[in-house]
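Observations on the three-dimensional arrangement
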Number of protein chains: 2
Amino acid sequence: MEEKVISKAVISRLPRYYRYLGELLESGVERISSNELSTRMKVTASQIRQDLNNFGGFGQQGYGYNVKYLYTEIGKILGIDRQHNLIIIGSGNLGQAIANYANFEKRGFLIKGMFDINPRLIGLVVRGIEIRSVDDLEQFIVDNQVEIAALTIPKSKATEIADRLVKAGIRAIWNFAHVDLNVPDNVVVENVHLSESLMRLSYRMCSLDKGKDLDEAD
Amino acid sequence: MEEKVISKAVISRLPRYYRYLGELLESGVERISSNELSTRMKVTASQIRQDLNNFGGFGQQGYGYNVKYLYTEIGKILGIDRQHNLIIIGSGNLGQAIANYANFEKRGFLIKGMFDINPRLIGLVVRGIEIRSVDDLEQFIVDNQVEIAALTIPKSKATEIADRLVKAGIRAIWNFAHVDLNVPDNVVVENVHLSESLMRLSYRMCSLDKGKDLDEAD
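Here's a quick rundown of the structure. Just so you know, these numbers come straight off a predicted model, no measurement behind them.

Some remarks on the overall build of chain A
Along chain A, the regular secondary structure elements total 9 helices and 10 strands. C-alpha extents for chain A along the principal axes are approximately 60 × 45 × 35 Å. Counting every position in chain A, which comprises 218 residues, the buried fraction comes to 53%. Summarising the internal contacts of chain A: among those between residues at least 6 apart in sequence, 55% fall at separations of at least 24. With an accessible surface of roughly 10,200 Å², chain A has 47% of that area assigned to carbon and sulfur atoms. The distance from the centre of the 27 positive side-chain charges to the centre of the 28 negative ones in chain A is 4 Å.

Shown next as structure tokens:
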């Protein structure tokens, strides 16, 4: 495949394409036109063609897209055509919610372990995954070739744990703590800040009140 | 305040400003320059000035920003200067994680009730909030002037529940189910699609492998 610089905006839309294509595959659809995909996804057909053209010639004029091929290629681009080992640090409700979400495995994200500092949680098993003491973190990462750590702990502990993860060679942190982490350039941080999401919701609700949905302004 | 069309990009950054300003307030800082804020937030000072200028003259040359004033004004813009009543539909781990997050209340989001279809959960109390049967949903929304519903249920049920919420007069859905909801224009949907977030993380990790962090391409 030709290498092009792909904009952040396009990349941010790929997981959604991947989800729709996965659902089409599951319901046995083999080919889909940009128009049909447009109707389902509520994105213009021209946006779909522009986005997918970034990856070079998936579409065949008059035949539509080959769903399986497109799904596979987008999977490769997203790096989910291989297995990634993941741990969850913080085994409270949020950590357990993630551990219980079997769909991550279908995408190649394998949850190898869970960690906590609470002695009442250590030793429990969630969907076959044992909760361990955070003391064992570094050794576990090395032994299990862990690439990704989900941080579902309070922000007061997040910075310290992130430093330990980086030293232990983690490659990516999926950060649910409400704090921005400082990590070297070779470590990825993907934030899920729930309170910020709720504020965006609030903003959009209030904009509607004022008779202007600013969501469209770009 | 003058009314301007504010870009989606600026809006998406406001919750982060709000978080930093809140932390500054808590640590007793009264004034901050765009340069200091720039160092803390790792955003250029010129971006900060541009963003905040959208809201008209918070900054005073040579004096920096009044933290309290800026915090309050951004809070008004985000619509979190008033109380919003919220319910959680789906009282599993994710629903309980949200119920346990006291910070939402500090932002004016009051969790009035939780719902589930599982008889073993109905009647339980999470941080003072009773879990009710989903049968009581519509009446509860009216009786408690509920504006926002967090949907933490499997995608198979999400569409049906969303329809009921809309009919019952809900104004916004905070959607954690991995499905896109169809709602009228006067209802806001804010999605938190965790598997999409994890795919973005994977993409960025793989881009680093290829020696090009595409995260910067915009």
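A word on the packing of aromatic side chains
Residues and elements named next belong to chain A. Counted by the stated rule, this structure contains 10 aromatic pairs over all chains. Between Phe104 and Trp174 the ring centres are 5.7 Å apart and the planes differ by 80°, which places this aromatic pair in the edge-to-face class. Remark: Trp174 occurs in strand β9 (residues 172-175) and Phe104 occurs in helix α6 (residues 103-106); sequence separation between them is 70 residues. Across the pair, Trp174 and Phe104 agree in class, each one buried.

So, the sheet that holds strand β10 (residues 188-191) of chain A
Within a sheet, adjacent strands bond to each other through the backbone by hydrogen bonds, running parallel or antiparallel. Taking strand neighbours across the sheet as the criterion, the 7 strands line up as β6-β7-β5-β4-β8-β9-β10 (chain A) in an open arrangement whose pairing is mixed. Looking at which strands have only one partner, the edges of the open sheet turn out to be β6 (125-126) and β10 of chain A. Where β9 of chain A meets β10 of chain A, 4 bridges bridge the pair, whose relative direction is parallel. Note on β10 of chain A: the bridge partner recorded for Ala172 of chain A is Val188 of chain A. The sheet strands contacting helix α9 (residues 194-209) of chain B are β4 (84-89), β5 (109-116), β8 (148-151), β9 and β10 of chain A, and the helix crosses β10 of chain A at an angle near 165°.

Criteria and cut-off values
- Residues numbered from 1 in each chain as written.
- Chains lettered and ligands numbered in written order.
- Predicted model: local features only at pLDDT ≥ 70, side-chain atom pairs only at ≥ 80, totals over all residues.
- Heavy atoms only, no water.
- Helix = DSSP H or I, 4+ residues; strand = E, 2+ residues; numbered from the N terminus.
- Buried < 20%, exposed > 50% of the residue type's maximum accessible area, 1.4 Å probe, protein only.
- Contact = heavy atoms within 4.5 Å.
- Areas by Shrake-Rupley, 256 points an atom, 1.4 Å probe, with all protein chains shown as cover.
- Lys, Arg positive; Asp, Glu negative; His and termini not counted.
- Charge placed at Lys NZ, Arg CZ, Asp CG, Glu CD.
- Phe/Tyr/Trp six-rings, centres within 6.5 Å; stacked < 30°, edge-to-face > 60°.
- Pairing = 2+ DSSP bridges.
- Axes fitted to C-alpha atoms, helices over the stretch in contact; angles between N-to-C directions.

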